[in-house]
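Structural overview
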Amino acid sequence: MKKSTIIMIAMAVVCWIAILAAVAYETTNGIPLPDRNIVIPENSPVYSQPLKPFTEISFNDDKSDARRINIRNFAGLKIVVSDSVNAPVITAPQILKKYLVAENSGSILRMRLCIPPEDTIPSSPEYMRWPYVTGTTPIVITTPRTPTAISSTSVIPIALHGATGKLFSTIMANISLQSCNLDILSLRAANLYRNTTASAELNNSSARRLEVSAPTTVAKISGDSLSSISSIYWPTDSGAEINLNISNIRIGNISAPAATINTVSKNATIGSISSK
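On a predicted model such as this, the values are computed, not experimentally measured, just so you know.

Before going further, it helps to examine the overall build of the protein chain. Helix and strand counts for the protein chain stand at one helix and 23 strands. In the protein chain, which comprises 276 residues, the proportion classed as buried is 41%. Taking the intrachain contacts of the protein chain between residues at least 6 apart in sequence as the baseline, contacts between residues at least 24 apart amount to 54%. When the accessible surface of the protein chain is totalled, it reaches about 14,200 Å², and 54% of it is carbon and sulfur.

Before going further, it helps to examine the pattern of salt bridges. Going through the model one piece at a time under the given rule, you end up with seven salt bridges. Among the ionic pairs, Asp65 bridges to Arg129, the shortest N-O distance being 3.7 Å. With Asp65 in the loop between β3 (56-59) and β4 (70-74) and Arg129 in the loop between β8 (108-113) and β9 (132-135), this residue pair connects regions lying 64 residues apart in the sequence. One connected set of salt bridges, linked through shared partners, spans Asp62, Glu103 and Arg112.

This paragraph deals with the confidence of the model for the protein chain. When the pLDDT values of the protein chain are averaged, the result is 87; 86% of them are 70 or greater. In the predicted structure, residues 22-34 sits below a pLDDT of 50 and forms 19 contacts with residues beyond four places in sequence or in another chain.

The pairing of strand β13 (residues 164-171) with strand β15 (residues 181-189) spans eight bridges and is classified as parallel. Note that in β15 the partner of Gly165 across the bridge is Leu182. Pairing of β15 with strand β17 (residues 206-212) involves six bridges; the strand directions are parallel. The partner of Leu182 across the bridge, within β17, is Ala207.

Turning next to the packing of aromatic side chains. Counted by the stated rule, this structure contains zero aromatic pairs. In this arrangement the basic side chain of Lys97 is found over the ring face of Tyr47, its NZ or CZ atom lying 5.1 Å from the centre.

Here ten strands make up an open sheet; going across it, the order is β2-β6-β10-β5-β12-β14-β16-β18-β20-β22 and the pairing mixed. Where the open sheet ends on each side, the last strands, each with one partner, are β2 (46-50) and β22 (260-266). Between one strand axis and the next, the sheet turns through 15° on average, direction left out of account. As judged from the five bridges shared by strand β5 (residues 77-81) and strand β10 (residues 139-143), these two strands associate in the parallel manner. Opposite Leu77, over in β10, you have Ile139 as the bridge partner.

What follows deals with the layout of surface pockets. Quantified by volume, the largest pocket comes out at close to 170 Å³. Taken together, Asn60, Asp61, Asp62, Lys63, Glu103, Arg110, Met111 and Arg112 make up the full set of residues lining the largest pocket. Per element, the largest residue contribution to the lining of the largest pocket is three residues, and it comes from β8.

Attention now goes to the pairing of strand β20 (residues 241-247). Where strand β18 (residues 218-222) and β20 come together, five bridges link them in parallel fashion. Bridged to Lys220 within β20 is Asn245. Of the pairings in the sheet, the one linking β20 to β22 comprises seven bridges and is parallel in character. Residue Asn243 lies in a different strand from β22, and its bridge partner there is Asn262.

Relative to the helices and strands, Ser265 resides in strand β22. By relative accessible area, Ser265 is classed as partly exposed at 44%. Between the alpha carbons of Ser265 and Ile221 there is a distance of 9.6 Å; along the sequence they are 44 residues apart. Leave out the neighbours within four places in its chain, and Ser265 touches Ile246 and Ile270.

This part covers the environment of Arg112. The topology assignment puts Arg112 in strand β8. Taking the C-alpha atoms as reference points, Arg112 and Ala102, ten residues apart in sequence, are found 6.8 Å from one another. Ignoring anything within four residues of it in the chain, the contact list for Arg112 reads Phe59, Asn60, Asp62, Tyr99, Leu100, Val101 and Glu103. A polar atom in the side chain of Arg112 sits 3.1 Å from the side chain of Asp62.

Calculation criteria
Residues numbered from 1 in each chain as written. Predicted model: local features only at pLDDT ≥ 70, side-chain atom pairs only at ≥ 80, totals over all residues. Heavy atoms only, no water. Helix = DSSP H or I, 4+ residues; strand = E, 2+ residues; numbered from the N terminus. Buried < 20%, exposed > 50% of the residue type's maximum accessible area, 1.4 Å probe, protein only. Contact = heavy atoms within 4.5 Å. Areas by Shrake-Rupley, 256 points an atom, 1.4 Å probe, with all protein chains shown as cover. Salt bridge = Lys/Arg side-chain N within 4 Å of Asp/Glu carboxyl O. pLDDT = per-residue confidence, 0-100. Pairing = 2+ DSSP bridges. Phe/Tyr/Trp six-rings, centres within 6.5 Å; stacked < 30°, edge-to-face > 60°. Lys NZ or Arg CZ within 6 Å of the ring centre and 35° of its normal. Axes fitted to C-alpha atoms, helices over the stretch in contact; angles between N-to-C directions. 1 Å grid on protein atoms, 1.4 Å probe; cavity = no way out; pocket = protein on both sides within 12 Å on 5 of 7 lines; lining within 4 Å. Points joined across faces, edges and corners; volume = space filled by probe spheres on them. Polar contact = N/O pair within 3.5 Å; in protein donor to acceptor, adjacent residues only side chain to side chain.

Structure below.
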């Protein structure tokens, strides 16, 4: 056998071993491959289950690194306030049943998406690590009463339908309001270390007063022709600089008595602005 042929065969064997090693590494380390992600198909079957009454909702990432599920292009969490139910109920895509945890802790409904312990074992046929959940079918909570607070350390989008009264929101992603009529909406960015923006989108909704809670320094408020906010109040430390981006909504007045406010508006109507 020629020396060049032997060299070519040896190189082919080395490449084959390298490929096998790479596949083994991905398998043992759980690098999320496309078929290991949690994909919710269109018109996905859903399941429903009753919930205990709650006054607050908290949606957080699982603290265990091995059980974490990431969010990517997911419809997220939809909260519907309706007098058609006497007690809260959750409806979610069937594929999420083994990953979605929703349990009461006192008056707080605590929710998270996480990998079951048995699927964190590399030898398990269902083993996955750091997968993404994607899909256009949301998790829906239907409740007879508006929650007083919604918090989230996850980037899951949150939509609220038919809410009234007072709501305090501390979330990582945008909160969307649909057909809501709130007395007070209080916003605060959930992760100031990442300079997260406190963000709200109003659709056919109104708020008498929107409060941006300190120490948040950046807020984004958007809406449509049917939405309005009577007043925005932004208390903060004396001498602070805050940034407000407003689009497609009517605002009566904006007040930031102790701060310098930078306002960017697009297709928005603002009655007056008062700041330091």
